[in-house]
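Okay, here's what each chain looks like letter by letter:
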Amino acid sequence: MSVFSLPVYYVDAFTDTLFQGNPAAVVLLEKWLPDEQLISIAAEINLSETAFLVGVHIRWFTPIMEVKLCGHATLAASFVLTKIMHHPDNPIIFQSISGELTVSETENTFTLDFPILECKLADNAQYPQLTKILGVEIEQLWLAKDRYICFLSTVEHVKNCQPDMLKLSQLPLPGLTITAKSDNNKVDFVSRYFAPAKGVNEDPVTGTSHCAIAPLWAKRLNKNSLVGHQISARGGLVKCDIENERVKLTGKATLFLSGTIHI
């Protein structure tokens with residue numbers, strides 16, 4: 001017999017079209033539940049990310065662990081607060097383990113103000129296992145604190161890459177982004193993101209990934225306003241603006257499902 005119920009919403013983020021972008025669950029709480037219960041709920045939902053909210057305090061969970069920052073689930077939470085709960089503030093200032101996160105909404109488009117994910121250039125020759133795992137030559141390698149950033153030579157290499165997920169999950173860093181310059185004049189760069197160690201083999205559209213690669217592409221292309229296309233099976237577009245050590249990620253969202261969790 002259920003003791004209490006929790007509202008839950010499934011939102012497709014970084015898209016305005018159902019079944020595209022990145023789906024996230026948003027669960028509204030009156031107070032924090034024990035961490036093991038939050039992980040159990042996220043595992044049962046089994047999306048790449050579930051955002052839990054107590055007011056504007058936000059936490060993010062994959063099916064197996066809590067993470068420190070998630071872009072698409074923050075966008076999804078903003079959509080729920082703005083469009084469903086009619087939150088009075090615009091921008092919304094979320095409180096999180098990564099500090100204050102500001103999200104503003106204009107004409108059904110949401111802009112997330114996130115910190116740049118700092119990266120350092122690495123020597124490809126010191127990481128030969130990455131080429132074997134990806135099955136493609138790496139043009140340039142960068143390291144962030146929680147992921148590898150691999151620049152590939154063509155869009156086709158990014159699109160057709162089939163990483164060895166088991167070996168990828170055993171690397172010291174839990175995430176890996178592959179990226180290349182776009183061959184479409186409406187988009188600046190393409191990417192894909194893998195994190196099997198976090199319980200997500202391939203994430204459809206990843207805001208935090210763009211916090212790392214957008215500043216790198218900004219320097220490569222000598223422009224601070226860019227559009228990234230994450231070319232997963234679902235796909236999604238992220239507008240990226242680099243301003244004062246911050247990345248502003250802009251995208252849309254659409255509601256797929258609303259329901260109730262019985263605990």
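Residues numbered from 1 in each chain as written. Predicted model: local features only at pLDDT ≥ 70, side-chain atom pairs only at ≥ 80, totals over all residues. Heavy atoms only, no water.

Asks: Account for the overall build of the chain, naming residues and giving values.
Replies: When helices and strands are counted, the chain shows 6 helices and 18 strands. Computed over the C-alpha atoms, the radius of gyration of the chain is 18 Å, within 12% of the 18 Å expected from 2.2 N^0.38 for a compact globule of 263 residues. Dimensions of the chain, computed from C-alpha atoms along their principal axes, come out at roughly 55 × 40 × 30 Å. Counting only residues that meet the buried cut, the chain has 54% of its 263 residues in that class. Long-range pairs, those at least 24 residues apart, make up 60% of the contacts in the chain between residues at least 6 apart in sequence. A total accessible area of about 12,200 Å² is found for the chain, and carbon and sulfur atoms account for 51% of it. (Helix = DSSP H or I, 4+ residues; strand = E, 2+ residues; numbered from the N terminus. Rg over C-alpha atoms; globule rule 2.2 N^0.38 Å. Buried < 20%, exposed > 50% of the residue type's maximum accessible area, 1.4 Å probe, protein only. Contact = heavy atoms within 4.5 Å. Areas by Shrake-Rupley, 256 points an atom, 1.4 Å probe, with all protein chains shown as cover.)

Asks: Please set out the environment of Gln129 residue by residue, giving values where relevant.
Replies: Positionally, Gln129 belongs in helix H3 (residues 128-134). A relative accessible area of 32% places Gln129 in the partly exposed class. Between the C-alpha atoms of Gln129 and Leu171, which are 42 residues apart in sequence, the distance is 9.1 Å.

Asks: Go over the packing of aromatic side chains with me, naming the residues and quoting the values.
Replies: Tallying each qualifying case throughout the model produces 6 aromatic pairs. Joined through ring pairs, the aromatic side chains of Phe151, Phe189 and Trp217 make up one cluster. Sitting over the ring of Phe151, Arg220 keeps its end group 4.1 Å from the ring centre. (Phe/Tyr/Trp six-rings, centres within 6.5 Å; stacked < 30°, edge-to-face > 60°. Lys NZ or Arg CZ within 6 Å of the ring centre and 35° of its normal.)

Asks: Just give me the short version of the pairing of strand S3 (residues 50-54), but keep the residues and values in it.
Replies: With 5 of its 5 residues buried, S3 lies for the most part within the structure. Here S3 shows a buried face lined by Thr50, Phe52 and Val54 and a second buried face lined by Ala51 and Leu53. Pairing geometry for strand S2 (residues 22-28) and S3, over 4 bridges, is parallel. Looking at the pairing, Val27 lines up with Phe52 of S3. Since S2 and S3 lie parallel, the crossover through helix H1 (residues 35-45) that links them has a hand, and here it is right-handed. Counted between consecutive antiparallel strands, the loop separating S3 from strand S4 (residues 57-61) contains 2 residues, among which Gly55 sits at a positive phi close to 65°. (Pairing = 2+ DSSP bridges. Right-handed = clockwise from strand over helix to strand, strands pointing away.)

Remember, this is a structural readout, not a statement about activity or role.
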